[in-house]
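Per-entry structural report
Chain residues, written in single-letter form:
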Amino acid sequence: MGMSSSDKPRRTLRSETWYEGPEYYNFARRAYMRSEGLTRGAFHGKPLIGICNSWSELNHCNIHLRELAEAVKRGVWAAGGVPLEFPTISLGEVFIRPTAMLLRNLMAMDVEESIRCNPIDGVVLLCGCDKTTPAQLMGAASADIPSIFVTGGPMLSGNYRGEWKGSGTDGRKMFDLYRSGSLSDEELNEFEGCMARSHGHCMVMGTASTMTSIAEALGMTLPGCASIPAPDSRRKAIAEESGRRIVEMVWEDLKPSQIMTREAMENAITVDMAIGGSTNAVVHLLAIARRLGLPLTLDDFHRISARTPYLVNVKPSGEYLMEEFFYAGGLPAVMREVLPLLHGEAITVSGKSIAENVAAAPCHNRDVIRTREAPLHAEGGTLILYGNLAPNGAVIKHTAASPQLLEHRGPALVFDDHHAMILELERDDLPVDENTVIVLKNGGPLGGPGFPEWGHIPMPKRLLQRGVMDMVRISDARMSGTSFGTVVLHISPESAVGGPLAAVQTGDEIVLSASQRRIDVNLPQEEIDRRLAAFVPPKPHYDRGYGKMFLEHVTQAHEGCDFDFLHAVATPKNE
Ligand code: FES
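Right, let's walk through the structure included here.

Reading the values: the criteria
Residues numbered from 1 in each chain as written. Predicted model: local features only at pLDDT ≥ 70, side-chain atom pairs only at ≥ 80, totals over all residues. Heavy atoms only, no water. Helix = DSSP H or I, 4+ residues; strand = E, 2+ residues; numbered from the N terminus. Rg over C-alpha atoms; globule rule 2.2 N^0.38 Å. Buried < 20%, exposed > 50% of the residue type's maximum accessible area, 1.4 Å probe, protein only. Contact = heavy atoms within 4.5 Å. Areas by Shrake-Rupley, 256 points an atom, 1.4 Å probe, with all protein chains shown as cover. Lys, Arg positive; Asp, Glu negative; His and termini not counted. Charge placed at Lys NZ, Arg CZ, Asp CG, Glu CD. Salt bridge = Lys/Arg side-chain N within 4 Å of Asp/Glu carboxyl O. Arc of directions from axis to C-beta. Phe/Tyr/Trp six-rings, centres within 6.5 Å; stacked < 30°, edge-to-face > 60°. Lys NZ or Arg CZ within 6 Å of the ring centre and 35° of its normal.

**Looking at the overall build of the protein**
The helix and strand tally for the protein stands at 21 helices and 16 strands. Computed over C-alpha atoms, the radius of gyration of the protein comes to 24 Å, within 12% of the 25 Å expected from 2.2 N^0.38 for 575 residues, which places it in the range of a compact globule. Judged by the C-alpha coordinates and their principal axes, the protein covers about 80 × 55 × 45 Å. Each of the 575 residues in the protein was classed as buried or not, and the buried ones make up 62%. In the protein, once contacts between residues fewer than 6 apart in sequence are set aside, the share between residues at least 24 apart is 75%. For the protein, the accessible area works out to roughly 21500 Å², and carbon and sulfur atoms hold 53% of it. Mean positive and mean negative side-chain charge positions of the protein (56 and 70 charges, respectively) differ by 4 Å.

**Section: the pattern of salt bridges**
For the structure shown, the criterion picks out 41 salt bridges. Arg-291 is paired through a salt bridge with Asp-562; the nearest N and O atoms lie 2.6 Å apart. Pair noted here: Arg-291 is in helix 13 (residues 280-291) and Asp-562 is in the segment after helix 21 (545-553), with a separation of 271 residues, a long-range link. Taken as a pair, Arg-291 and Asp-562 share a single burial class, namely buried. Of the charged contacts in the structure, one is a salt bridge between Arg-478 and Glu-453, with a shortest N-O distance of 3.2 Å. Of the two residues, Arg-478 sits in the loop between strand 13 (473-475) and strand 14 (487-489) while Glu-453 sits in the loop between strand 12 (437-440) and helix 19 (461-465), which places them 25 residues apart along the sequence. Arg-478 sits in the buried class, given a relative accessible area of 0%. We classify Glu-453 as partly exposed; its relative accessible area is 23%. When salt bridges with common partners are traced through the structure, they connect Glu-93, Lys-131, Glu-453 and Arg-478 into a single cluster.

**Quick notes on helix 21**
Turning to helix 21, its buried residues are Tyr-546, Gly-547, Phe-550 and Leu-551. Buried positions in helix 21, seen along its axis, are confined to an arc of 135° and lie on one side of it. Packing partners of the buried residues in helix 21 comprise helix 5 (101-116).

**Some details on helix 2 (residues 24-34)**
The complete set of buried residues in helix 2 reads Asn-26, Ala-28, Arg-30 and Met-33. The inward-facing, buried residues of helix 2 contact helix 1 (16-19), helix 3 (40-43), strand 3 (48-53) and strand 4 (82-87).

**Structural notes on the packing of aromatic side chains**
Scanning the model with the defined rule gives 10 aromatic pairs in all. Between Phe-326 and Tyr-327 the ring centres are 5.8 Å apart and the planes differ by 50°, which places this aromatic pair in the tilted class. The class for Phe-326 is buried, based on a relative accessible area of 15%. A network of ring pairs unites the aromatic residues Tyr-546, Phe-550, Phe-563 and Phe-565 as a single cluster. The residue whose ring lies beneath Arg-66 is Trp-55, and the NZ or CZ to ring-centre distance is 4.4 Å.

Following this line, the structure appears as structure tokens:
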């Protein structure tokens, strides 16, 4: 037991077990810390705060995080701590092949082990792009030392010839116009420079904005952090404040496992539904919960979706962009609006409850953030579907779908291979009309591999040229949170492990009923079973390295796609 400057007894710091003691390595660690130019007094007896930075020049969304780390450091020093910034791998969503999701678990392991194995008492985690936030949440949950998240913030709104354009969502729309011949090479080139015009993550309610909002809803950021645009000076201010706060959290020994409780998970799902969040949030939250040993299933999403109104009028489901969302009051205004549906007593990194954090949060624009009495939709943004095609569940973002297609039956056009499908969809003689249901197999965790974002199957060129902009598409893949359309995703079990999707053949009738929460193929069960009895699994994509480990240990979509050996077990976490 040491003594603080106020001479009150204090608990021994975790880092002191590295530095204090009679062994050679206690001395050596002090000596090598001094090689960084610190005096012994600069770090002796003070909380050492790791700054876990997912900065990378291969991740444009997180390119400003080193500047943000400097703001965090100011706060840490000011509060009497010692900041120590360290890198982990980073996952640039649009750069990594075959998909950043393949590496989410690798990054989560890097984060966990970097925290667990080093002499730090608390950690500030800097994230932004889609997979970096869930990977850090998973790693921090497993390491379980005091942790606070500082998200990188959304980009400024894109603007093309006077019109506001959202990264991802409008990018896809403009590219479809280009494919159909309605946009020239010159226009596409001009738009290319307009879509993502600042640092920060995608500025629609895609996966990045959803997951940073979820970090806040879980209680893992200071209130208001998720929505501040990346270049806004207030983001550095909240980073500094977070640096100050983590030092206090160390002395309070306030850990992620005390914050990310079952109640916090339900709060996160409620907020996800109210904001019309990305379907990817379902997979990530299931994974985070399993890291903490919390029972969470698709049924929880099903139940909470049914009771939560969709309120946030931001693309891809709505009209506005994240910058306007911030000006309207951002996430605290939404959380205040849905407070009766939240566990308001849930504690957060601020040391206060959710209810205390958002009690006075103002809303400045009711067109952007609707009231519970006048929502954009009575139910949450993500529906869970079951049926003979998805015994373990599937998802659809019904708020970003075409209402007239949510009850639909039509003949399947089946593709086994994503890359071949992309070429086929350009054919002028593709046997397809607006009633066809495009079915893609082999897009799941093993089949992709890595559960790629292939679920937003491009519209066939032939239909685009006729002005048809949406049709029912189903798969065992994910889609980008920036995407839209009547697409059923995450069908589980996936086709590559012999799920019923593997039995579907071109011409079979597919039946989607959002109102019944069902996705089915209109075949007798005996016929499905007969076809599956002849199922031959595809050849594994990897026979060595990380990919092989992924294939051997990844769980299915309805279980979160983490590695089975990373789920919580009843053993000590910290050492
Ligand atoms: Fe990083 Fe969209 S590419 S959030």
